[in-house]
Every structure is written in C-alpha cells, then in structure tokens.
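# Summary of the model geometry
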Amino acid sequence: MQQTLAIDRISARTVVAAVVAYVVLLMVLRLSLSPYLEIDEAQFFGQVDFRLVYANSHPPLYNWVLRLVLEATGWNWPLSVALVKGVLLAAIHLLVFDAARRIGGVPAGIGALAVAALCPQISWMAAHTLAHTVMVMAGCAGIVHAAVVIWQRPRALAFVWLGVAASIAMLAKFNGAILLGAAAVVALSTPERRAAAWRHRGGVALAAVVFAVLTGPSLVAAGLAIEASTGRLSKLFRPTWASAGALPGVGSDGASLLTVGARAWGAAALGILALTAQVALPGPLKCWRNALVATVAVGFGATLVGVLVSDGRQMPERYLSPFFMPLPVAAGLALTAFRWRAVVRLAGGVAFVAVPIGVAGMVLFDKHRFAYPHGELALAIAPDLPEGTLAVWGGRPDFAANMTLALRRAGRMAHAAEDRMAPGADHVLIVWQGGEVPGSDEVDRPFDECRPGPVATRPYRYFSGRTLSVATELCRPRSLATSSGPTETRPL
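All values derive from a computational prediction rather than experimental measurement. (Residues numbered from 1 in each chain as written. Predicted model: local features only at pLDDT ≥ 70, side-chain atom pairs only at ≥ 80, totals over all residues. Heavy atoms only, no water.)

## Some words on the state of the cysteines
Stated precisely, the cut-off is as follows: Our working definition of a disulfide is a cysteine sulfur pair at a distance within 2.5 Å. Numbering of helices and strands starts at the N terminus; helices are DSSP runs of H or I of at least 4 residues and strands are runs of E of at least 2. In this scheme, a residue with accessible area under 20% of its type's maximum is buried, one over 50% is exposed, and one in between is partly exposed, where area comes from a 1.4 Å probe on protein chains only.
For the coordinates displayed, the defined rule picks out one disulfide. One disulfide in the model links C450 with C475; its S-S distance is 2.0 Å. The sign of the 110° torsion about the S-S bond sets the C450-C475 disulfide as right-handed. Of this pair, C450 sits in strand β4 (residues 448-459) while C475 sits in strand β5 (residues 467-476); the two residues are 25 residues apart in sequence, bridging distant segments of the chain. We classify C450 as partly exposed; its relative accessible area is 30%. On the basis of relative accessibility, which here comes to 5%, the residue C475 falls in the buried class.

Structure follows, in structure tokens:
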C-alpha cells in the first residue's frame, strides 16, 4: 500500500488556482520586462488580417485569435501576445492536470503537472518564446482530455469537444495531424477498442463533422496555395552538423536528430515510464498509460519513417510537441505507484519556479531581445527622418517590427512595409540591426532610390553592459498593394 502524502490531499480547486496564479505571474513578468516583442511574437506583426493562408506556412488560427485580442485591447501588441500566450499556457497545464485527475485522482493530476514542468518545451520554451507550438500543444492536450471525458461519459458534448480540440491542434500547426492519426491507430488497434468505437459511432461521426466544418476551409485553401503552405518544409532538408556522415538518400542524420530531440523533449517522462514499467497499476490507470504511450510511439515511429524516406536532415524538438503531449499524462498516472514520486513532484515544483527566474535573468543580464533598446534607438533617429508616413522594412523581421512599434511610441506614423491594406507610405525606412548597411550584392532591396539614413547606437536596457546599433536607409516606396506580404491596419 502506497503511503499517502500530504500533497495527495490537496483539492483540485487549489491546484487550478495555483496554475492560474502561476500563469498570471508569467504574464506580469513578461509585460514588466519589455514593451516590445520576442522573435516568435514579432512574426505576427502585420499578419493578422483573417486570411486562410499566410506566408509562414502555418495554419491561421493563432493569427486570427491574436487579431481578436488586438481589437479588444486597442491594438496593444505586448498585452495582446501576453494574453494569448497566457491563456494557452493555462489551458495546457489545466488540461494535462484534469485528464490525469479524471483517470487516477488528484495525485495523478499533480504528478502529470510535475512531469510537464520537467519537459522543457512545455515549461520553459512555451513560457519563453514559442507561439504556434504553444497552441498546438494546447490542442493536443485537449484531444487527450476529450478522449478521457468520452471514456467517463460518452455524451454528445464530449464528442463535440473532441472535434473542437482536434481542430485547434490542426489549425495551429499542420503536424497536429500526427497525433490525430496516431490516436486513431491506437483507438482501433484492438477488438475491444474497435467495438467501443462502433458503439459510439454516432458520437465519432459528430466529432468528425465538427472537425470538418472548423478545419475544412483552411485545409482547402492550404491545398490551393500549396507553395505558400509548405514553404517552411525546406528547412527540414538543410544540412546540419549531423549530416557529415549521413547515408546518401536516407535521412539518417535527420533520424539521429529526431532521437536526440525526443530525449531533450521528454527525457523525464520517458525515464519515469521506464522506471515504473513493472510497477502494478490499477486497471484503468494501466490501460490509459499503455494507450497513451502507444500513441506517442506510433506518432514517433511514423515521423521517423517519414524522415528516413524523405531524406530529412533535421527535426527540432518543438516539431515533436504534438505527438509527445500524451507523455505527461501517462507519466503522471505511472507516478501514483512510484515509490519516489515525492522527489519527482519536488523537482517539478523547482522547475516551475526556475522558469520566471531564468527568464528574468536572461533579460536582465544577457543580450535578450526584451533588453534591446528599440525605444532609445527610435528616439535617436526620429529627428533625422523626413515627415510623413513610414513603411518600415528590415533584414530581420522581428527587428523591423519592434522598430515600427518604437517609432510609433516616438510619435511617427509607421507601419509594416509588407502591409497590403495600409495606406500608401511617403517613405520606406529600412532598418539594419548592427549599424552597417549591407551592400547591393548582399541583399535585394524591394524598393527604389535608396539613400543612407540616420545611424544610432544605444546601450542595452538593464545590466548586460552591451550596446546595439541601427543603420537605416530611406527609399521611395513601390506600390504596397501588390505585396504578397501580411497585413496590419492599425493607425496611430
């Protein structure tokens, strides 16, 4: 008989309140550190015009949600991105907790939260920089949660929730389909599960209809604009350090990096599952643990085969997030029978506490983008800029986006140069991070009659002791109406 720990007697409401308070703390920290945008946040600047297809090869849901929040906040970019990220982070943790709680009680839910904290993509990267991946993780956590709700009470609303969660995952990142396919394979892998699916065929059909209605238009549009929708796939075939000894025509280097990424993503969860593999679990916990692990294995195996067959060269850890999301729930269930579960929970608590401390430390003492002196640079160059509306463009899109926001704060009329719906600009301001203007042989400027603009250097904010420079060019704008770029229509 396992000893009952004090933490096992904590109520579900207390855990929910703690998660919400923690996410609010992260949001307040992020807003207090900088009024500007991190690199993943800045990719949405000018890309919130309710299109079905965007140039960054992601489905459109994150962009749409951010647009709605921007409208509600009066186009306050830092507040809007923090709110969207905060809601999604809370959803991830609460869905993971509640899925495990419904199967194994509050102790299982607390264990799942602790394991999630020990998965860097969920606790550290999601809080710090990720965007689309945070949404796909929330959607995939919702798929697991919906499956558990259906197991408890297979009512129509539960199947609707499954269709909605699957749609969120698919409309966040296309690789959300890997978890959907893996879950379907596992759900139909035994006669008992096939019989259960047949008994609830009406609910399964309802979930499929909800999914088709919500995702259909976007998927059709993506198919019609296949080049824009798949442009980022080329990154998977760029050689890396692992490509030196790779087998020709086979993605052995990509497969090796996929394995490394799996360890980096879920080493704690995989270790716990390995340590508890022979521990006796009650029937429902054992069945769910095995099914969730099998889902991850099918997703990983399918991805591995795809990388090998396509001669893929790399696989970043964040790309594993959709089909690895069942791991914290599976490990949380296994923890209920683990002798050293208190140690794992303590480690998870320490990991949660370390995240805001680590983020603050990076910003205060390192070259983090939140410490970039965008506002000071904008104030320095603004007096030397010509009157009229500026269309801001840059070699680094995140730098250009933040300089646009900074120039607005400095009282200048500025918008993204790629803005299709913006009014015609009087001037194009090209901003180059680093203080030097690249030569014509280094970059093709999509504008006419460029000349040197003001240059400035300012110290980083906080305590790094470093400086950052900006060099600029002033150009004559071409017609922005023909641009295939994004849209951001908020005036000053």
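## Thoughts on the sheet that holds β5
So the rule is basically this: Strands are treated as partners if at least two bridges between them are detected by DSSP. Every angle, taken between N-to-C directions, lies between 0 and 180 degrees, and every axis is a line fitted to C-alpha atoms, over only the stretch in contact when it is a helix. Only heavy atoms matter for contacts: two residues are in contact if any of them lie within 4.5 Å across the pair.
With mixed pairing, five strands are arranged side by side in an open sheet as β2-β1-β3-β5-β4. Each edge of the open sheet carries a strand with a single partner, namely β2 (414-416) and β4. Recorded for the sheet is a direction-independent mean angle of 30° between the axes of neighbouring strands. Bridging between strand β1 (residues 390-394) and β2 involves three bridges; their strand directions are parallel. The residue bridging A391 from the neighbouring strand is H415, located in β2. Packed onto the sheet, helix α18 (residues 374-381) meets β3 (427-433), β4 and β5 and runs at close to 125° relative to β4. Packing against the sheet, helix α19 (residues 397-409) makes contact with β1, β2, β3 and β5, and its axis sits at approximately 150° to β1.

## So, the pairing of β5
Where burial is concerned, most of β5 is hidden: eight out of the ten residues are buried. By the bridge criterion, six bridges tie β3 to β5 in an arrangement that is antiparallel. Bridge pairing in β5 links I430 to E473. Direction of pairing for β4 relative to β5: antiparallel, over a ladder of eight bridges. Looking at the pairing, D448 lines up with R476 of β5.

## Looking at the side chain of K85
To be explicit about the condition: For this count, His and the chain ends are skipped, Lys and Arg are scored as positive, and Asp and Glu as negative. Salt bridges are counted wherever a side-chain nitrogen of Lys or Arg sits within 4 Å of a carboxyl oxygen of Asp or Glu.
One can find K85 in helix α4 (residues 77-104). Of the side chains with opposite charge, E41 comes closest to the buried, unpaired K85, at an N-O distance of 5.0 Å.

## Some remarks on the environment of R9
Residue placement: R9 occurs in the segment before α1 (12-33). R9 gets classed as exposed once you look at its relative accessible area, which sits at 61%. Separated by 398 residues in the primary sequence, R9 and L407 have C-alpha atoms spaced 53 Å apart.

## Focus: helix α13 (residues 252-275)
The following threshold applies: Here a helix's expected span is defined as the number of its residues, less one, multiplied by 1.5 Å. Two axes enter the definition of the bend at a residue: one is fitted to the seven residues ending there, the other to the seven starting there, and the bend is the angle between them.
Look at α13: only 29 Å from first C-alpha to last across 24 residues, short of the 34 Å you get at 1.5 Å a residue. In the structure, α13 departs most strongly from a straight axis at G266, where the bend amounts to approximately 85°. Residues of α13 that are buried: D253, G254, A255, L257, L258, G261, A262, W265, G266, A269, I272 and L273.

## Notes on the confidence of the model for the protein
Worth spelling out the cut-off: One number per residue, pLDDT, summarises how confident the predictor is, and it ranges from 0 to 100.
Put simply, the protein has an average pLDDT of 90, and 93% of its residues get 70 or more. Looking across the protein, the model is least confident in helix α12 (residues 226-229), with a mean pLDDT of 80, and most confident in helix α8 (residues 156-172), with 98. Segment residues 480-492 is flagged for pLDDT under 50; beyond a separation of four residues in sequence, or across chains, it makes 48 contacts in the model.

## Quick notes on unusual backbone geometry
At W75, a residue that is not glycine, the phi angle is positive and equals roughly 60°. Among the structural elements, W75 can be located in the loop between α3 (61-72) and α4. Of note in this structure, E449 is not a glycine but carries a positive phi near 50°. Within the secondary structure layout, E449 lies in strand β4.

## A look at the environment of A90
Within the fold, A90 resides in helix α4. Classification of A90 by relative accessible area gives buried; the value is 14%. Counting along the chain gives 69 residues from A90 to A21, while the straight-line C-alpha distance between them is 9.5 Å. Every residue in contact with A90, bar those within four places of it in the chain, is listed here: V19 and V23.

## Describing α8
The terminal C-alpha atoms of α8, which comprises 17 residues, lie 24 Å apart, in line with the 24 Å expected from a rise of 1.5 Å per residue. Taken residue by residue, α8 has A158, F159, G163, A165, A166, S167, A169, M170, L171 and A172 as its buried positions.

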